[in-house]
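# Survey of secondary and tertiary structure
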Amino acid sequence: MNLSARLKTSGLLRDTTHLSIGQGFRLVIQAAYFVLVARSLGPDAYGAFVTVVAMATLLGPFSGLGTPNLFIKNVRSGKRVAAICWGNGILLTVLSGALLTAAAVGLSFLLQLKTAPLAVFLVCVADMVLMKVTELAAFGFTASDRMKQTSIQNVVVSLLRLAGIVALMATVHPVTLDRWVLVYLLTTLLGMIYAVAKGSQLWGRPTTDLTVLREDIAEGVFFSIAGSATTIYNDIDKIMLSKLADLASTGVYAAAYRVIDVSMTPIRSLAAAAYPRFFRKGMDGIGATYAYALGLMRKAAVYGSVASAGLWLLAPVLPHILGSKYDAVVPAVRWLALIPFLRCLHSFLADALSGAGLQRTRMTIQVVVALINIALNLVILPRYSWRGAAWTSLGCDGLLVVIFWFTVLYYRRRRIG
C-alpha cells in the first residue's frame, strides 16, 4: 500500500474511530433513555409518542430541503464557503420546518391519529425545526473534517434528553405524554443552542445568499425525497400500525425496531465517515465508488452477521429490561434481526450512486420501494399487526439490496462500455 493509500485509510479509520467513540457513548445514553421513556410511559403512551416521532421523521427530510447533504458536498468540492452553507441552511430549515409542522398538525386531524394535537405540535417543532438545525451543524462539522465535534454534538443531544426523562421521573408522578413532550421540546432547544454556538464559532456569523440558495434548492430536493423515502420504509409502518391496529402493538413494534436501530450504531459511524469520501471517489465515476463501497461492505457484513445473530439470541432478555408489558418484543426483535445485515449492504451501495452523481436514480429507487412498503402495509397490517410490519420491513430492505446492486452494476458496465 503506497503512502497516499495509507493516509486515506488512516483518515477513514480516524474519522470512524471518532464517530464510533461518540456513538458508543450515545448508544449507552440512548439505551438508558429508551428504557426509561418506554417504562415510564407504558406501551400505549409510548406508542402514541413514537407515532408522532415517526410522522416527524417522515416529513423531516424536507426540512432544510437537503441543505445538510449539500453542506458536505459543496464544502468538500470547494463550490461554497461554509458560512454561506451554514446561513442558508439555517434560514431554509426554520422556514420549511415551520411549514412542515403546520402540515403535520393538519395531517394528525385528517388521519384522526390517537395522539393529542398539542403533543403533535411540540414534537414536530422539536424534531423538524430545532433538531434539524442541530443536524445541519453536525453535517457541517463533518464537511469541515471535525468528526470529533460531530460526535460531541450527538452525545450532547442524547445526554440532554436522558437528563430530561430522569428529571421528569424524579419530580413528577405519573409521567404523562403531555409532560414528557414539553421536556422533549426543552432539551432539544438546549441542544440546538449548543450546536449554533459551536457552528458559529467555527464558521463565523451565518451568511445568507438568496441566489445561491435558489441554485441549491433544485439539487437539494433530490436528497430530501430520497431521505423521505428512506424514512417511509423505516417508519411509515409505525404510523399505519397506530391507525390500523392499536397503540400497544405500535409500542411493542417501535421498541423492537429501536433495538434493531441501536445495533446499527457502528455501521452508521462507518457510513458517516465514508460518506464525504464517496463524492471524492465520484470524480472518477461509478466504478471508483462501487469499488470503494465493496471494500466497506466486506467489513460491514461481518459485523452485520454477528449483530443479527446476537439480536436473535439475546431477544429474551429484553422484557426483563423493559418490563413484562413488553413480552411481545421478543418475537418482534427476532423477526427483524436480519435487518442489520441487509443494511450493511444497501447503505453503501446507495452512497456509491450518490457519490457518482446519480442521486436522482437513488431517489427513484427509494421512492418506488417506499410505495411498495405502503401498499404491502395496507394489505397486511389490519390482519397481522406488528408481525406484518416486520415482514414488510424485511422484504423492503432485501429488495433494496437487490435493486441497488443491479443498478450500480448496470451503470458501471455502461460507463466502461
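As the structure is a computational prediction, the values presented were derived from the model and not from experiment.

### With respect to the overall build of the protein chain
When its secondary structure is counted, the protein chain shows 14 helices and zero strands. Helices and strands appear in the protein chain in the N-to-C order α-α-α-α-α-α-α-α-α-α-α-α-α-α. Relative to the compact-globule value of 22 Å for 417 residues, the protein chain shows a C-alpha radius of gyration of 21 Å, a close match. The principal-axis extents of the C-alpha atoms in the protein chain amount to approximately 60 × 45 × 40 Å.

### Topic: the packing of helix H10 (residues 286-314) against helix H13 (residues 339-355)
As a packed pair, H10 and H13 sit with axes 6 Å apart at the nearest point and diverge in direction by 165°. Overall, the two elements H10 and H13 adopt an arrangement that is roughly antiparallel. Two packed elements cross with a definite hand, and for H10 against H13 that hand is right-handed. Grouping the amino acids of the contact of H10 with H13 by side-chain chemistry returns 17 nonpolar, five polar and no charged.

### Digging into H10
In this model H10 runs 40 Å from its N-terminal to its C-terminal C-alpha over 29 residues, within 8% of the 42 Å that 1.5 Å per residue would give. Bending of H10 peaks at approximately 25° at the position of Ala-300.

### Concerning the environment of Met-192
Mapped onto the elements of the fold, Met-192 is located in helix H6 (residues 177-203). For the pair formed by Met-192 and Val-81, sequence separation is 111 residues and the distance between their alpha carbons is 22 Å. Apart from residues lying up to four places away in sequence, Met-192 is in contact with Leu-130, Val-133 and Thr-134.

### Some thoughts on the packing of aromatic side chains
This model, assessed by the stated rule, comprises 14 aromatic pairs. Measuring from ring centre to ring centre gives 5.7 Å for Trp-335 and Trp-391, while their planes differ by 70°; the resulting arrangement is edge-to-face. Of this pair, Trp-335 sits in helix H12 (residues 329-336) while Trp-391 sits in helix H14 (residues 359-416), and the two are 56 residues apart along the sequence. The exposure class assigned to Trp-335 is partly exposed, which follows from its relative accessible area of 39%.

### As for the side chain of Gln-153
Tracing the sequence through the fold places Gln-153 in helix H5 (residues 147-171). Gln-153 has contacts with Thr-134, Phe-141, Gly-191, Tyr-194 and Ala-195, leaving out every residue within four places of it along the chain.

### Observations regarding a nonpolar patch on the surface
A contiguous nonpolar surface patch, about 510 Å² in accessible area, is contributed by Trp-312, Leu-313, Leu-314, Val-317 and Ile-321. Within the secondary structure layout, Ile-321 lies in helix H11 (residues 318-322).

### Description of the nonpolar core
Among the nonpolar cores identified, the biggest contains 105 residues, and Tyr-46, Phe-49, Trp-180, Val-333 and Phe-348 are the most heavily contacted of them. Ranked by residue count, the leading element in this core is helix H1 (residues 3-59), at 18 residues. In this structure, Phe-348 is in contact with Ile-267, Leu-270, Ala-271, Phe-278, Ala-293, Leu-296, Met-297 and Ala-300, ignoring residues within four places of it in sequence. Counting 20 residues, the second largest nonpolar core, distinct from the first, contains Phe-71, Val-133, Phe-141 and Trp-203.

Rules and cut-offs
Residues numbered from 1 in each chain as written. Predicted model: local features only at pLDDT ≥ 70, side-chain atom pairs only at ≥ 80, totals over all residues. Heavy atoms only, no water. Helix = DSSP H or I, 4+ residues; strand = E, 2+ residues; numbered from the N terminus. Rg over C-alpha atoms; globule rule 2.2 N^0.38 Å. Axes fitted to C-alpha atoms, helices over the stretch in contact; angles between N-to-C directions. Parallel < 35°, antiparallel > 145°, perpendicular 65-115°, else oblique. Left-handed = near helix turned anticlockwise from the far one by under 90°. Nonpolar A, V, L, I, M, F, W, Y, C, P; charged D, E, K, R; others polar. Expected span 1.5 Å × (residues − 1). Bend = angle between axes of the 7 residues up to and from the residue. Contact = heavy atoms within 4.5 Å. Phe/Tyr/Trp six-rings, centres within 6.5 Å; stacked < 30°, edge-to-face > 60°. Buried < 20%, exposed > 50% of the residue type's maximum accessible area, 1.4 Å probe, protein only. Patch = residues over 30% accessible without salt bridge, like charges linked within 9 Å, V, L, I, M, F, W, Y side chains within 5 Å. Areas by Shrake-Rupley, 256 points an atom, 1.4 Å probe, with all protein chains shown as cover. Salt bridge = Lys/Arg side-chain N within 4 Å of Asp/Glu carboxyl O. Core = buried A, V, L, I, M, F, W, Y, C linked by side-chain atoms within 4.5 Å.

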